[in-house]
Amino acid sequence: MNELTPLAAPVRARKPDWIRVKAPTSAGFAATRELMRAKSLTTVCEEAACPNIGECWSKKHATVMILGDTCTRACAFCNVKTGMPRKVDAMEPQNVADAAAQMGLKHIVVTSVDRDDLPDGGASQFVKVIQALRRTTPDTTIEILTPDFRNKAQAAIESIVEARPDVYNHNLETVPRLYPTIRPGARYYASLRLLESVKRHDPSIFTKSGVMLGLGEERLEVHQVMDDMRSADIDFLTMGQYLQPTPRHAKVAEFVTPKAFDAYASIARAKGFLLVASSPLTRSSYHAGDDFERLRAAREAKLAAHR
């Protein structure tokens, strides 16, 4: 081989039948996209190349990603671009609330890129979005999916918890052993402490976390993550298949079967989670509104059983 020989293209694992989805073509999908553009809003659905975007957007369900479309970190699993983010948009909180009102959302999920460049990591923007939603569409329940607010977590959590979202989600993403290669900018136990701190500040807020499978984790490592989550009093666990967004991202080590996802779900329920969502296509905000109703019902049933 000489310097003129073309390099072979990276080989990506072929997806099994159970992970394939149809391309989005519905009128509802187009309407949701048009609204997001009109309000100058970014969605994690697009930026993270979510496989469920066609289904969710056709039902006018979208996960808004605040604080821009550029992340200050470069995790090996994530498709969101890395670089120096733009200035925070002062109109963004009200734009999110207006979009929620226009779409008639009963439940909204708000996430963000990592903003290590900001003094508070972007926590104040989450607070402003929650406040704008409470003013504009008070009947909408609010779920937030935050970064870890590295080195700023305590103050960030206190301010966000005071704004009282209904669900506080922060994903552990993978098992501790894989953090150096998959999530190098984060620390596993810092993420656990963040969720534990939310619960300590306000036990009425539901806490939620998720992991991706298929990155090379061992079964017993996943069980240990479940135990760690329960020790932090996390209510809701989501588990989904990792999909490689581009050839430069971490490779898929395994396509976990639906049967294996069902087995993990059974174990998680036995460990005491109020709710478990576990399937190849499960993502943090997939069916979030329906899941919130199930989560609330599960808590009420648990409280009734202890009366």
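The preceding data block contains the structure.
Presented here is a report on the structure given in the accompanying data block. (Residues numbered from 1 in each chain as written. Predicted model: local features only at pLDDT ≥ 70, side-chain atom pairs only at ≥ 80, totals over all residues. Heavy atoms only, no water.)

**Notes on the nonpolar core**
Quick reminder of the rule: What makes a nonpolar core is a set of buried Ala, Val, Leu, Ile, Met, Phe, Trp, Tyr and Cys residues whose side-chain atoms join them at distances within 4.5 Å. Accessibility here uses a 1.4 Å probe with only protein chains present; expressed as a share of the type maximum, an area under 20% marks a residue as buried, one over 50% as exposed, and anything in between as partly exposed. Elements are defined by DSSP. Helices are runs of H or I of four residues or more, strands are runs of E of two residues or more, and each kind is numbered from the N terminus. Residue contacts follow a heavy-atom distance rule, with two residues in contact if any of their heavy atoms lie within 4.5 Å.
By size, the foremost hydrophobic cluster in this structure holds 71 residues, and its most contacted members are Ile108, Val110, Leu133, Ile160, Tyr168 and Met239. The greatest single-element share of this core, amounting to seven residues, is contributed by helix 5 (residues 123–136). When sequence neighbours within four positions are dropped, the list of residues in contact with Val110 reads Val64, Ile66, Val96, Phe126, Val129, Leu133, Glu143, Ile144 and Leu145. Core analysis: the second largest hydrophobic core is formed by eight residues, Phe206, Phe236, Leu274 and Leu295 among them.

**Some details on helix 10 (residues 258–270)**
In plain terms, the rule: To estimate the expected span of a helix, count its residues, drop one, and scale the result by 1.5 Å. Along the arc lie the directions from the helix axis toward the C-beta atoms.
In this model helix 10 runs 19 Å from its N-terminal to its C-terminal C-alpha over 13 residues, within 8% of the 18 Å that 1.5 Å per residue would give. Of the residues making up helix 10, those classed as buried are Phe261, Tyr264, Ala265 and Ala268. Seen end-on, helix 10 carries its buried residues on one side only, within an arc spanning 105°. Away from the buried face of helix 10 by more than 90 degrees, exposed residues Lys259 and Ala270 are located. Where helix 10 is buried, its residues touch strand 8 (206–213), helix 9 (219–231), strand 9 (236–241) and strand 10 (275–278).

**Considering the pairing of strand 10**
We count it as follows: At least two bridges found by DSSP between two strands is the condition for calling them paired. The handedness rule is simple: strands pointing away from the viewer, and a clockwise path from the first strand over the helix to the second, make the crossover right-handed.
Side chains Leu275 and Ala277 project from strand 10 onto one buried face, and the interleaved Val276 and Ser278 project onto a second face that is buried too. Summarising the sheet, strand 9 and strand 10 pair through four bridges and their orientation is parallel. For Leu237, the partnering residue across the bridge sits in strand 10 and is Val276. Handedness of the β-α-β unit built from strand 9, helix 10 and strand 10 comes out right-handed.

**Quick look at the environment of Arg296**
If you trace the backbone, Arg296 turns up in helix 11 (residues 288–305). The exposure class of Arg296 is partly exposed, given its relative accessible area of 31%. Once residues within four sequence positions are removed from consideration, Arg296 is found in contact with Thr141 and Phe206.

**Some remarks on helix 11**
An ideal rise of 1.5 Å per residue puts 26 Å on 18 residues; helix 11 measures up with 25 Å between its terminal C-alpha atoms. For helix 11, the complete set of buried residues consists of Ala288, Asp291, Phe292, Leu295 and Arg299. All buried residues of helix 11 lie within an arc of 105° about the axis, which places them on one face of the element. Exposed residues pointing more than 90 degrees away from the buried face of helix 11 are listed as Glu300 and Ala305.

**Notes on unusual backbone geometry**
For Asn151, which is not glycine, the phi torsion reads 65° and is therefore positive. Structurally, Asn151 can be placed in the loop between strand 6 (141–145) and helix 6 (153–163). Residue class for Asn151 comes out exposed when judged on its relative accessible area of 78%. For Arg164, which is not glycine, the phi torsion reads 60° and is therefore positive. Within the fold, Arg164 resides in the loop between helix 6 and strand 7 (167–169).

**Details of the pattern of salt bridges**
The following threshold applies: Here, a salt bridge means any Lys or Arg side-chain nitrogen found within 4 Å of an Asp or Glu carboxyl oxygen.
One pass over the structure, following the stated rule, counts 16 salt bridges. Note that Asp116 and Arg73 form a salt bridge whose closest N and O atoms lie 2.8 Å from each other. Highlighted residues: Asp116 in the loop between strand 5 (107–112) and helix 5 and Arg73 in the loop between strand 3 (70–71) and strand 4 (81–82), separated in sequence by 43 residues. Owing to a relative accessible area of 22%, Asp116 belongs among the partly exposed residues under this scheme. One salt-bridge network, in which partners are shared between bridges, spans Arg73, Asp114, Asp116, Asp148 and Arg150.

**Description of the packing of helix 4 (residues 92–103) against helix 5**
To keep it simple, the criterion reads: Axes, fitted as lines to C-alpha atoms, cover a helix only where it is in contact. Angles between the N-to-C directions of the axes lie from 0 to 180 degrees. Roughly parallel means an angle under 35 degrees; roughly antiparallel, over 145; roughly perpendicular, 65 to 115; everything else is oblique. Handedness of each helix crossing follows the sense of rotation of the near helix against the far helix: counterclockwise by less than a right angle gives left-handed, clockwise gives right-handed. Each residue gets one of three labels, nonpolar for Ala, Val, Leu, Ile, Met, Phe, Trp, Tyr, Cys and Pro, charged for Asp, Glu, Lys and Arg, and polar for the others, Gly among them.
Running from N to C, helix 4 and helix 5 cross one another at 40°; their axes reach a closest spacing of 8 Å. In terms of their interaxial angle, helix 4 and helix 5 are classed as oblique. The crossing of helix 4 and helix 5 is right-handed. Along its contact with helix 4, which presents Glu92, Pro93, Gln94, Val96, Ala97, Asp98, Ala100 and Ala101, the element helix 5 presents Gln125, Lys128, Val129, Ala132, Leu133, Arg135 and Thr136. For the contact of helix 4 with helix 5, the residue count by class is eight nonpolar, three polar and four charged.

**Let's talk about the side chain of Ser112**
Tracing the chain through its elements places Ser112 in strand 5. Judged by its relative accessible area of 11%, Ser112 is buried. Setting aside residues up to four positions removed in sequence, Ser112 forms contacts with Met65, Ile66, Leu67, Phe126, Leu145 and Pro147.

**Brief notes about the packing of helix 9 against helix 10**
The interhelical angle for the contact between helix 9 and helix 10, taken along N-to-C directions, is 35°, at an axis separation of 10 Å. Where helix 9 crosses over helix 10, the two elements pack in a sense that is right-handed. In contact with Arg219, Val222, His223 and Met226 of helix 9, helix 10 contributes Tyr264, Ile267 and Ala268. Here the residues of the contact of helix 9 with helix 10 sort into five nonpolar, one polar and one charged.

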